[in-house]
Amino acid sequence: MQTILGANGQIATELARTLHQHHTGDLRLVSRNPRRINNDDMLMAANLLDAGQTVQAVRGSRIVYFTTGLPPDSELWEEQFPVMLKNALQACRMAGASFAYFDNTYMYPQNSQLQTEETRFAPVGRKGRVRAAMASMVLEEMARGDIPVLIARAPEFYGPGKTQSFTNALIIDRLKAGKRPLVPVRNDTRRTLIWTPDASRGLATLGNTPDAYGQTWHLPCCDDRPTYKTFVTMASRIFGRTPSYSVIGKWPLVIAGVFSKKVLEIKELLPRYEQDNLFDSTKFKRHFPDFSIRTYEEGLELIRKECGDR
């Protein structure tokens, strides 16, 4: 039995598909309101804030994936994320299950240094500090060695379906709607984006590779690292649009945060858009040389086809 905790997000959805296709037909999907992805998925409703419900959700599992997400609300993250993670780790210890933790890069320095698995944490803002504390909790569990544990870390997403990111919301979704794309802060910094199905396939690959445990991994990304100017030009051509966009400066976004809680919650992420984002996934590529990675052009073309099929 392999179990996905937090089973409704885009990463979990793609993870359920790839696990079922390549690794196991014995799959349990857990969330407050789980939805079936494959016909024979086992569904279990559980609140991971409740330790007893989490134990029940994990019981009988061989591998557990923690892909739980929350809305971008700092107070909610501080109150709920550590509790859910603590409950999940405790439940895995009780079940003797391996634990694969899906992580982001919020704890990394917001500068242009190359990000590797050895990059030291230097979180900026409340959400960054929450993610640093959670990653540290998983590393402590890994060091104890009671159960097999791994961390699989991804940079900003772009992708099909309901992928949620700055890039999808401001560029891809606006192109879908026939609107002018918006670029956050600067158009000339290099970005590392991960195609969400590649992130999920990478997580499934690590979870089912015994010697991947006891380590942190950067999930595989295309190394082209385009600027937003290049990315928007490419996306506009693929969607048959004129390559035109507007750059939203940092200060208009900061000022907007005074009036909008939603904008305020993303303000701590803005410095990363002033710098090149150089996320390195060499370790994964060397260990899994046959793993195929979508180019940006291929990914955008698949999104366009998805829109046309609807």
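Owing to the predicted nature of the structure, the values given are computational and were not obtained by experimental measurement.

1. With respect to the UniProt feature "domain: NAD-dependent epimerase/dehydratase" (unreviewed entry) in the protein chain
- Here, UniProt's "domain: NAD-dependent epimerase/dehydratase" (unreviewed entry) annotation points to residues 4–212.
- End C-alpha to end C-alpha, residues 4–212 measures 18 Å, and it is 41% helix and 18% strand.

2. Some thoughts on helix H6 (residues 196–207)
- With 12 residues, H6 extends 17 Å between its outermost C-alpha atoms, agreeing within 8% with the 16 Å of an ideal straight helix rising 1.5 Å per residue.
- Of all 12 residues that make up H6, 11 are buried, and the element is covered over most of its length.
- Listed in full, the buried residues belonging to H6 are Thr196, Pro197, Asp198, Ala199, Ser200, Gly202, Leu203, Ala204, Thr205, Leu206 and Gly207.

3. Overview of the packing of aromatic side chains
- Under the defined criterion, the tally for this structure stands at 17 aromatic pairs.
- When the ring of Phe66 is compared with that of Tyr101, the centres are 5.8 Å apart and the planes differ by 35 degrees; the resulting orientation is tilted. With a gap of 35 residues between them, Phe66 in strand E4 (residues 63–66) and Tyr101 in strand E5 (residues 98–103) connect regions that are remote in the sequence.
- For Tyr101, a relative accessible area of 0% translates into the label buried.
- Aromatic side chains Phe99 and Tyr101 sit 6.4 Å apart centroid to centroid with 15 degrees between the ring planes, which places their arrangement in the stacked category.
- Members of the aromatic cluster, each reached through a chain of ring pairs, are Tyr158, Trp195, Phe231 and Tyr296.
- Directly above the ring of Phe291 sits Arg201, whose terminal nitrogen or CZ lies 4.1 Å from the centroid.
- A cation over a ring is seen here: Lys283 above Trp217, with NZ or CZ 4.4 Å from the ring centre.

4. Section: the sheet that holds strand E2 (residues 27–31)
- Spatially, seven strands are ordered E3-E2-E1-E4-E5-E7-E11 in an open sheet, and the strand pairing comes out parallel. Strand pairing shows two members of the sheet lacking a second neighbour, strand E3 (42–45) and strand E11 (216–218), which therefore form its edges. The sheet shows a mean angle of 20 degrees between the axes of neighbouring strands, direction not considered.
- The strands touched by helix H1 (residues 10–22) are strand E1 (2–5), E2, E4 and E5; relative to E1, the strand with the most contacts, the crossing angle is about 170 degrees.

5. Considerations on the packing of helix H2 (residues 51–58) against helix H3 (residues 74–95)
- For the pair H2 and H3, interaxial distance at closest approach is 9 Å and the crossing angle is 45 degrees. The angle between H2 and H3 places the two elements in the oblique class. The element H2 and its partner H3 pack so that their crossing is right-handed. For the pair H2 and H3, the contacting residues are Ala51, Thr54, Val55 and Val58 in the first and Asn87, Ala88, Ala91, Cys92, Met94 and Ala95 in the second.

6. Thoughts on the pairing of E4
- Side chains Ile63 and Tyr65 project from E4 onto one buried face, and the interleaved Val64 and Phe66 project onto a second face that is buried too.
- In terms of strand pairing, E4 meets E5 through four bridges, oriented parallel. In the strand pairing of E5, Val64 is matched with Phe99.

Conventions used here
- Residues numbered from 1 in each chain as written.
- Predicted model: local features only at pLDDT ≥ 70, side-chain atom pairs only at ≥ 80, totals over all residues.
- Heavy atoms only, no water.
- UniProt positions renumbered as here; feature names shortened; annotations may be inferred.
- Helix = DSSP H or I, 4+ residues; strand = E, 2+ residues; numbered from the N terminus.
- Expected span 1.5 Å × (residues − 1).
- Buried < 20%, exposed > 50% of the residue type's maximum accessible area, 1.4 Å probe, protein only.
- Phe/Tyr/Trp six-rings, centres within 6.5 Å; stacked < 30°, edge-to-face > 60°.
- Lys NZ or Arg CZ within 6 Å of the ring centre and 35° of its normal.
- Pairing = 2+ DSSP bridges.
- Axes fitted to C-alpha atoms, helices over the stretch in contact; angles between N-to-C directions.
- Contact = heavy atoms within 4.5 Å.
- Parallel < 35°, antiparallel > 145°, perpendicular 65-115°, else oblique.
- Left-handed = near helix turned anticlockwise from the far one by under 90°.

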